[in-house]
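For reference, the chains in residue letters:
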Amino acid sequence: MKKYRVLALALLAGALFSSDAYAQQRRITGRVTVAGTGEVLASAAVNIVGTAIGTYTSDDGTFQLLVPSGDLTLLARRVGFKRATVRVGAEQAEVNVSLERDVLQLETQVVTGTATTVSTQNVANAVTVISTNELNRAPASTIDNALQGKIAGAVITQNSGAPGGGVQVQLRGVTSLNASSSPLYVVDGVVVNNAAIANGLNAITGAAGGNAPSSQDQMVNRVADLNPNDIETIEVLKGASAGAIYGSRGSNGVIVITTKRGRSGKPAVSVTQRFGTFELANKLGLRCFSQAEAVALFGITPAEFTGCHDFEQELYGRRDLSYESIASISGGSATTQYFVSGLVKRDAGIEQNTGYGKQSVRINVGQQLGTRLNLQANAEILHTLTERGISGNDNGGYAPYTVFSQTPTFYDLRPRGGSYPHNPYTQALGGADNNPLQQAALTRTPEDLFRQIGSVTARLSLFTSDRQTLDLTSTGGVDHYGLGSKLYSPPELYYEPADGYPGTIVDNNTSATNANLNATLAHKFSMGSLLGATTSLGFRRNREQLQSIYNTGRNIPSGQTAVSYGVIQASGETQRQVKDLSYFAQEELLMLNETLLLTAAVNSERSSVNGDPQKFYSYPKASASYRLPILPPFTDGVKLRIAYGKAGNKPPFESPYSNLVVTFIDNRIGERPSRNLGNPNIKPETSTELEGGVDAQFWGGRAAIEYTRFRKQVDDLIIFPRLAGSTGYGLGTENGGQLVNLGTEIGLKLQPIHTDLVDWISNTTYSDVHGEITRLDVPSYLYGIGFGAGYGDVRIRKGHSPTEVVANFNGGEFAVGDAQPDYTMGFSNDVNVGPFRFASLLDWRKGGKVVNLTNAYYDAFFADGSGLLADTAASISRSNDFQGPRAVYVEEGGFLKIREIAVSVGIPERFMGVVGSRAKDVRLELSGRNLKTWTKYTGLDPEVSNFSNQNVGRIIDVTPFPPSRSYFVSVSAHF
């Protein structure tokens, strides 16, 4: 106890006598530059170690400070550079500092609370930071596409090859069975909406009952709207131990996005222009018939034989021009900084009438008012227009790859004399008359979205002294969008009369608003190298509101595109409103010359979607990190870290309620209970995570390794048990299970070569996670994603993985693998040789099962077991083995992909001067994305999900939109 009393007395003495100790002051001036080049650094932070005294450098890199008398230590740092400390003597009045570039990002500031950050040198969690350069090495349609292969512990998977996104991000394995699976996205302090809104495609395809929107509508998650070019950094808080401060939203991880800011100095203009194209990346390979085979097998005449048509190329062979125009201007004065950007983007689809367009305008302004108040306002307006065509599961035989599985390639589907031929082969099999080329030409599927994201952050300095500061930070933000999707299937389409009502229109109007307000009071106290303490507390209030209205019209007159013209009409509406309130407190202690960091925090939160909306649930966290003072041989630094935390996952919106549904009895409208029984006592799922790791640096900071091991336990799993028919309900709702994830994450950063001519930076990531359901309060059950007993399904049962795949033959069930990959790895390299740059990214996923139902569509067309795929031997083998029985349609989904390649060359400034341009840093670049895939999977792409984003069961491959690769030529310049 004695030592604690001494420490307490020391803290009290420091607080009471700090002003007396530093009554004598003097002025020092200096300049901060880049090591090796002498380039001045504006906006670098300069502080006196052990005090609250600090400032920022001006446009010419200079600074001045009033400091206490005596010997001092000055600390200078700036984003993208390593910090540097300089001893300042008692009589010294001028000091200059040189900062080395932090090419491996070893000293990045990362989020630890609502208004607090800490350097990665001390952070106790495995937090991945992605810079703007890493994010935008090669053009990507969406930010989640751009993140693939770059984050240890993340499995990022495209749902299909259709334009405009549709990507699932899963951090540290399955964290729920039925609640949300998506990480929380925070942009400049605003919690943004990442909902996936169905466009109503089921009304055309007949999937999932035909009318109600569902996960089979090939949905796009809305984080795809964000402009990747505006992003400065992305911080990925992968688990509950890091995300606990976000309470019942942090169980699936948190992705914190910070957009670009202006810096003091003259206006800096940046312009980039890209032109490129997308092309079909993979084909199934359809069977070609000789004339003799066609006559014998299909009974046609020799005159009807037209050769072998490549249906896949004819439909998906477009290579239209794509483009992207990017411009920004930034700058400001010592008190005002601004960043303004614009984007116009068009990704042309590989199928007619498909594609993805995006336009955005962003304005970020920072304003210093006096010496105490700083305001930061961020605003972005976005517009996206997406057309994804028809693909995926359907019950009417409308998806192109479904039609191709029934149409021999000697039949010419191309238009003749201005009209498309009918398809006698699909009709002969009892299906609808369908020509996919006609469908692509006449069907329209636009999804038109306007979105506004804005926030204002105010930082008020309430008190400042040599030792202490007290700051109030408040952020208010709104994310609002209006989405209008209109699916138009005209009556002229050959398949439209199949249901007796030619012509179908689905009109969806969705309005969504997320608003949040938070305030944090942060007190910082410093006792030099002995102790730095940061105490913060505050509150957060969130409100989410969503309304979707679907109107469907059938039997539409030719040329009419209004739902009101439908002879048969139907409508449906979804309404959702969620309110959350939380209070939080956190204490951070940085001690022993900034080598030991201790953190403890708690977030207490209530939500309107809980069974008891007034009850607060607490989510604590605690962590420690220690940088060893005595280092092993060949090391520059070693940090040990451990972190513990709890985070929640809110119940689905409908969970507390037993809804009423509209019904008609004797031509009278009425209401009856739905088949789903709500639970007024439902509560959030809770993730409890313990992670530990070791970080080390070698070779003068040119090599760094991070090793993390974690255990995540999810309690109170929300399940929907089947109820006895006598209850009048089909499914119940309860907290009734537990699952545990164990995993490993490794990151290796290297700078193998660093000379004046050659610079090579390499990053390697590795992660694995293995889950197990350790408690289940109901009998085991099939998750319900399968299309047949032997094709493959996911079974939920105690003692097994939550993503275990099983197959059932003749009443006997067999485990056939796991949908979760064995491990994932990413390999990125950036090489600079003089004016030339080369960047590449490989994404490797080992293992993981996929259910290839697309192959099942094509096999066993003929009596010998062969079908309409080119590899007839494989079809025959699968057909025979399926009768064996064997789960032949459950395949290995592992792959190695070339995600990104970019090659560029810089144009010398002297050349630009000769041609009369003042542009500098002009670069010409050739880049490509998803250029090559090596896989044993026999389908179009192992990255696929007929059911869009789901916790488990997203492994079904049913006639999807095929994958594409892209090529772009770019020119960029700064002025």
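Here, every reference points to the structure presented above.
Computed from a predicted model, the values in this text were never measured in an experiment.

Conventions we followed
Residues numbered from 1 in each chain as written. Predicted model: local features only at pLDDT ≥ 70, side-chain atom pairs only at ≥ 80, totals over all residues. Heavy atoms only, no water. Helix = DSSP H or I, 4+ residues; strand = E, 2+ residues; numbered from the N terminus. Contact = heavy atoms within 4.5 Å. Salt bridge = Lys/Arg side-chain N within 4 Å of Asp/Glu carboxyl O. Buried < 20%, exposed > 50% of the residue type's maximum accessible area, 1.4 Å probe, protein only. Disulfide = S-S within 2.5 Å. Arc of directions from axis to C-beta. Pairing = 2+ DSSP bridges. Axes fitted to C-alpha atoms, helices over the stretch in contact; angles between N-to-C directions.

(A) Spotlight on the side chain of T384. With respect to the helices and strands, the residue T384 is situated in strand β21 (residues 373-387). In contact with T384, not counting residues within four places along its chain, are R222, D225, Y356, G357, K358, E447, D448 and L449.

(B) Inspection of the pattern of salt bridges at higher detail. Taken as a whole and assessed by the stated rule, the structure comprises 47 salt bridges. For the salt bridge of R137 with D830, the shortest nitrogen-to-oxygen distance reads 2.9 Å. Of this pair, R137 sits in the loop between α2 (132-135) and α3 (143-147) while D830 sits in strand β42 (residues 823-833); the two residues are 693 residues apart in sequence, bridging distant segments of the chain. The exposure class assigned to R137 is buried, which follows from its relative accessible area of 10%. Judged by its relative accessible area of 26%, D830 is partly exposed.

(C) Representation of the state of the cysteines in the model. Inspection of the entire model under this criterion finds one disulfide. Paired through a disulfide, C288 and C308 show a sulfur-sulfur distance of 1.8 Å. Taking the sign of the S-S torsion, -65 degrees for the link of C288 and C308, the bridge is left-handed. Here C308 lies in the loop between α6 (291-298) and α7 (311-316) and C288 lies in the loop between β17 (265-280) and α6, a separation of 20 residues in the sequence. Look at C308 and you get partly exposed, because its relative accessible area is 38%.

(D) Quick look at the environment of L343. Summarising the element assignment, L343 is placed in strand β19 (residues 336-348). Once you skip the residues sitting within four places of it in the chain, L343 turns out to touch N227, N229, E324, S325, I326, K358, Q359 and S360.

(E) Main features of helix α12 (residues 872-882). Listing the buried residues of α12 in full gives S875, R878, S879 and F882. Viewed end-on, α12 has its buried residues packed into an arc of 100 degrees, placing them on one side of the element. On the buried face of α12, the contacting elements are β40 (804-809) and α11 (853-858).

(F) Structural context of the sheet that holds strand β16 (residues 254-259). Pairing is mixed across the open sheet formed by five strands, whose spatial order is β10-β15-β16-β13-β14. With partners counted over all chains shown, the strands left at the sheet margins are β10 (127-131) and β14 (190-191), one partner each.

(G) Quick look at the environment of P963. Summarising the element assignment, P963 is placed in the loop between β48 (956-957) and β49 (964-974). Spatially, the C-alpha atoms of P963 and F463 are 57 Å apart, while their sequence positions differ by 500 residues. Other than its neighbours up to four places away in sequence, P963 contacts G161, E279, L280, A281, N282, I350, L940 and D941.

(H) Representation of the side chain of S623 in the model. By secondary structure assignment, the location of S623 is in strand β28 (residues 617-627). Once you skip the residues sitting within four places of it in the chain, S623 turns out to touch A124, L597, L598, T599, I642 and A643.

(I) Inspection of the sheet that holds strand β7 (residues 94-99) at higher detail. Spatially, β4-β1-β7 is the arrangement adopted by the three strands of the open sheet, whose pairing is mixed. The two strands at the open ends of the sheet, each matched to only one other strand, are β4 (62-68) and β7. Taken pair by pair, the neighbouring strands of this sheet meet at an average axis angle of 30 degrees, ignoring direction. Sheet topology places strand β1 (residues 25-34) next to β4; seven bridges connect them, and they run antiparallel. Within β4, the position partnered with R27 by the bridge is L66.

(J) Structural context of the pairing of strand β27 (residues 596-607). With 12 bridges joining them, strand β26 (residues 568-591) and β27 adopt antiparallel strand pairing. When the sheet's bridge partners are listed, F584 is paired in β27 with N603. Taken together, β26 and the strand that follows it, β27, pair antiparallel across an intervening segment of four residues, in which L592 is found at a positive phi of about 55 degrees. Relative to β28, β27 runs antiparallel, the two sharing 10 bridges. Counterpart to T599 in the pairing with β28 is S623.

That's the geometry; what it means functionally is another story.
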